[in-house]
Amino acid sequence: EHVHQLDQYMLQLRKVLKDDGTLFIAVPNYTSFDASYYKEVWAAYDVPRHLYHFSPKSMNVLVEKFGMKVKTVRRMWFDSFYVGLLSEKYKKSGKLGVIRAFWIGLCSNLFALNNPEKASSLVYTIRKQKPFI
């Protein structure tokens, strides 16, 4: 989410990744519960530092475009609390916002219990596919 010229960056990652190598990418998930709750003040949008925003579907499309495949998706459990705290700060919520941030973070994690693709932030484990043209 921080790189300019994403396509060239992905091509270079694929080039330097060994055939049996593993690539890990951790990014916020704009389809999470906390993103839908906080909407435009969701801190993980982090504009202008975040140049791209990803969902599990868009991450799959991106890596497959470059001859790679997502093998696993893991939740970053504590990120929902951190993002909630920052979002509440952006809202200027005061002390009550700290409680709400932890509540929204907990709710976000509960929604992601059965479906990791609903977590606030995700770590993707990615491997090369063969062949790539």
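## What about the overall build of the protein chain?
- Counting secondary structure elements, the protein chain contains five helices and three strands.
- Counting helices and strands in the order they occur from the N terminus, the protein chain gives α-β-α-α-β-α-α-β.
- With the C-alpha coordinates aligned to their principal axes, the bounding extent of the protein chain is approximately 55 × 30 × 20 Å.
- Every one of the 133 residues in the protein chain was classed for burial, and the buried ones make up 41%.
- Expressed as a percentage of contacts within the protein chain between residues at least 6 apart in sequence, the contacts between residues at least 24 apart total 82%.
- When the accessible surface of the protein chain is split by element, carbon and sulfur atoms take 60% of a total near 8200 Å².
- In the protein chain, which carries 20 positive and 11 negative side-chain charges, the distance between the mean positions of the two groups comes to 2 Å.

## Topic: the side chain of Asp34
- The residue Asp34 is located in helix H2 (residues 33–38) in this model.
- No salt bridge is formed by the buried Asp34; its nearest oppositely charged neighbour, Lys118, is found at 11 Å.
- Beyond its immediate chain neighbours, meaning those up to four positions away, Asp34 contacts Trp42, Ser80, Val83, Ile104, Ser108 and Ser120.

## Brief notes about helix H4 (residues 79–91)
- In this model H4 runs 18 Å from its N-terminal to its C-terminal C-alpha over 13 residues, within 8% of the 18 Å that 1.5 Å per residue would give.
- Within H4, the full set of buried residues consists of Ser80, Phe81, Val83, Gly84, Ser87 and Glu88. Projected down its long axis, H4 carries its buried residues within an arc of 165 degrees, all on one side. With respect to the buried face of H4, the exposed residues turned more than 90 degrees away are Tyr82 and Lys89.
- In this fold, the buried residues of H4 make contact with H2 and helix H5 (95–111).

Reading guide: rules and limits
- Residues numbered from 1 in each chain as written.
- Predicted model: local features only at pLDDT ≥ 70, side-chain atom pairs only at ≥ 80, totals over all residues.
- Heavy atoms only, no water.
- Helix = DSSP H or I, 4+ residues; strand = E, 2+ residues; numbered from the N terminus.
- Buried < 20%, exposed > 50% of the residue type's maximum accessible area, 1.4 Å probe, protein only.
- Contact = heavy atoms within 4.5 Å.
- Areas by Shrake-Rupley, 256 points an atom, 1.4 Å probe, with all protein chains shown as cover.
- Lys, Arg positive; Asp, Glu negative; His and termini not counted.
- Charge placed at Lys NZ, Arg CZ, Asp CG, Glu CD.
- Salt bridge = Lys/Arg side-chain N within 4 Å of Asp/Glu carboxyl O.
- Expected span 1.5 Å × (residues − 1).
- Arc of directions from axis to C-beta.

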